[in-house]
Amino acid sequence: MLPVACDSKEIIMYRFFWKIRLIYRLLCERLRVCLLAFQGLRVGKKNRFGAFVNIDRPWCVCIGDRVEFESDVWLKVVDDTAVLKIGKYSFLGRGVEIDVSTSITIGDHVLMAPGVFITDHLHNINADILIDLQGCSSAPINIEDDVWLGVRSVVLPGVRIGRCAVVGAGAVVTKDIPENAI
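Residues numbered from 1 in each chain as written. Predicted model: local features only at pLDDT ≥ 70, side-chain atom pairs only at ≥ 80, totals over all residues. Heavy atoms only, no water.

### Here we look at the environment of Arg 160
Then, number 1: Mapped onto the elements, Arg 160 comes out in strand β18 (residues 160-161).
Then, number 2: Filtering out sequence-adjacent residues up to four positions away, Arg 160 remains in contact with Asn 142, Glu 144, Asp 176, Ile 177 and Glu 179. (Helix = DSSP H or I, 4+ residues; strand = E, 2+ residues; numbered from the N terminus. Contact = heavy atoms within 4.5 Å.)

### Side note on the pairing of strand β7 (residues 83-86)
Then, number 1: Side chains Leu 84 and Ile 86 of β7 all project onto a buried face; the interleaved residues Val 83 and Lys 85 project onto a face where none is buried.
Then, number 2: Here four bridges tie β7 to strand β10 (residues 103-106), and the two strands are oriented parallel to one another. Each residue of the ladder has a partner; that of Val 83, found in β10, is Ser 103. (Buried < 20%, exposed > 50% of the residue type's maximum accessible area, 1.4 Å probe, protein only. Pairing = 2+ DSSP bridges.)

### Re a positive patch on the surface
Then, number 1: There is a patch of like positive charges on the surface, built from Arg 30, Lys 45, Lys 46 and Arg 66.
Then, number 2: Judged by relative accessible area, Lys 45 falls into the exposed class, the value being 64%. (Patch = residues over 30% accessible without salt bridge, like charges linked within 9 Å, V, L, I, M, F, W, Y side chains within 5 Å. Areas by Shrake-Rupley, 256 points an atom, 1.4 Å probe, with all protein chains shown as cover. Salt bridge = Lys/Arg side-chain N within 4 Å of Asp/Glu carboxyl O. Lys, Arg positive; Asp, Glu negative; His and termini not counted. Charge placed at Lys NZ, Arg CZ, Asp CG, Glu CD.)

### A short note on the side chain of Thr 119
Then, number 1: Relative to the helices and strands, Thr 119 resides in strand β12 (residues 117-119).
Then, number 2: Of the polar contacts made by the side chain of Thr 119, one reaches the backbone oxygen of His 121; its length is 3.1 Å.
Then, number 3: Once you skip the residues sitting within four places of it in the chain, Thr 119 turns out to touch Asp 99, Ile 141, Val 155, Leu 156 and Pro 157. (Polar contact = N/O pair within 3.5 Å; in protein donor to acceptor, adjacent residues only side chain to side chain.)

### Overview of the nonpolar core
Then, number 1: The biggest cluster of nonpolar side chains holds 39 residues, and the ones touching the most others in it are Phe 69, Leu 75, Ile 98, Met 112, Ile 118, Leu 149 and Ile 161.
Then, number 2: Among the secondary structure elements, those contributing two or more residues to this core are α1 (8-38), β4 (61-63), β6 (74-77), β7, β9 (97-100), β10 and β15 (141-143).
Then, number 3: Ignoring sequence-local partners within four residues, the contact set of Ile 118 consists of Glu 97, Ile 98, Asp 99, Ile 104, Met 112, Ile 141, Ile 143, Leu 149 and Val 155. (Core = buried A, V, L, I, M, F, W, Y, C linked by side-chain atoms within 4.5 Å.)

### Here's the deal with the sheet that holds strand β8 (residues 91-92)
Consider a sheet: its strands pair through backbone hydrogen bonds, and that pairing is either parallel or antiparallel.
Then, number 1: Within the open sheet, the six strands sit side by side as β2-β5-β8-β11-β16-β19. Their pairing is parallel. Edge strands, defined here as strands with exactly one partner in the open sheet, are β2 (48-49) and β19 (166-167).
Then, number 2: Here β2 pairs with strand β5 (residues 68-69) via two bridges, running parallel. Of the residues in β5, the one forming a bridge with Phe 49 is Phe 69.

### As for a nonpolar patch on the surface
Then, number 1: Taken together, the side chains of Met 13, Tyr 14, Phe 16, Phe 17 and Ile 20 make up a nonpolar region of the molecular surface, amounting to roughly 530 Å² of accessible area.
Then, number 2: Here Met 13 shows up in helix α1.
Then, number 3: Residue classification places Met 13 among the partly exposed positions, given a relative accessible area of 40%.

### Remarks on the sheet that holds β10
Then, number 1: Taken together, six strands build an open sheet; the order of strands is β1-β4-β7-β10-β15-β18 and the sheet is parallel. Only two strands of the sheet have a single partner each, and these edge strands are β1 (42-43) and β18.

### Thoughts on the environment of Phe 38
Then, number 1: By the secondary structure assignment, Phe 38 is in helix α1.
Then, number 2: For Phe 38, a relative accessible area of 78% puts it in the exposed group.
Then, number 3: Phe 38 sits 67 residues away from Thr 105 along the chain, and the two C-alpha atoms are 23 Å apart.

Encoded structure:
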């Protein structure tokens, strides 16, 4: 049977170990950033990357100050000429995936909820050619400052999301969104 109440000594001990755990986690998150910077990632100050963050071609990625990635974020840069820029004070939730073949720019103070998917390229569709032989078409994406992308939202090629816009959970963005729009 579990005790109903803890005495103050137990609470102090639990808080102490909790703080030790938080410090350890912060050190691990900052170490992940350092290891990726060693591989060519251009990164600002005081960033935090959770467990299992994967950045393909880190030399093509530029990240501002105080950006936080939760675990399982994947920045998939598919070409050495591609460019991904993420502004300062942005947050990418668990399981966010960003696929870049040409250019994606994400502004400052952008919040991405878990499961957001952003891609600047799609497969071509031509009935006369096998699908795997058709290649892709690409168009740059620009997400301006102070944008919130809801859970499992999808942003497709050629889209501009204006400043202070909100994209609802599960939305598929295929056209430009003006400033302050929901």
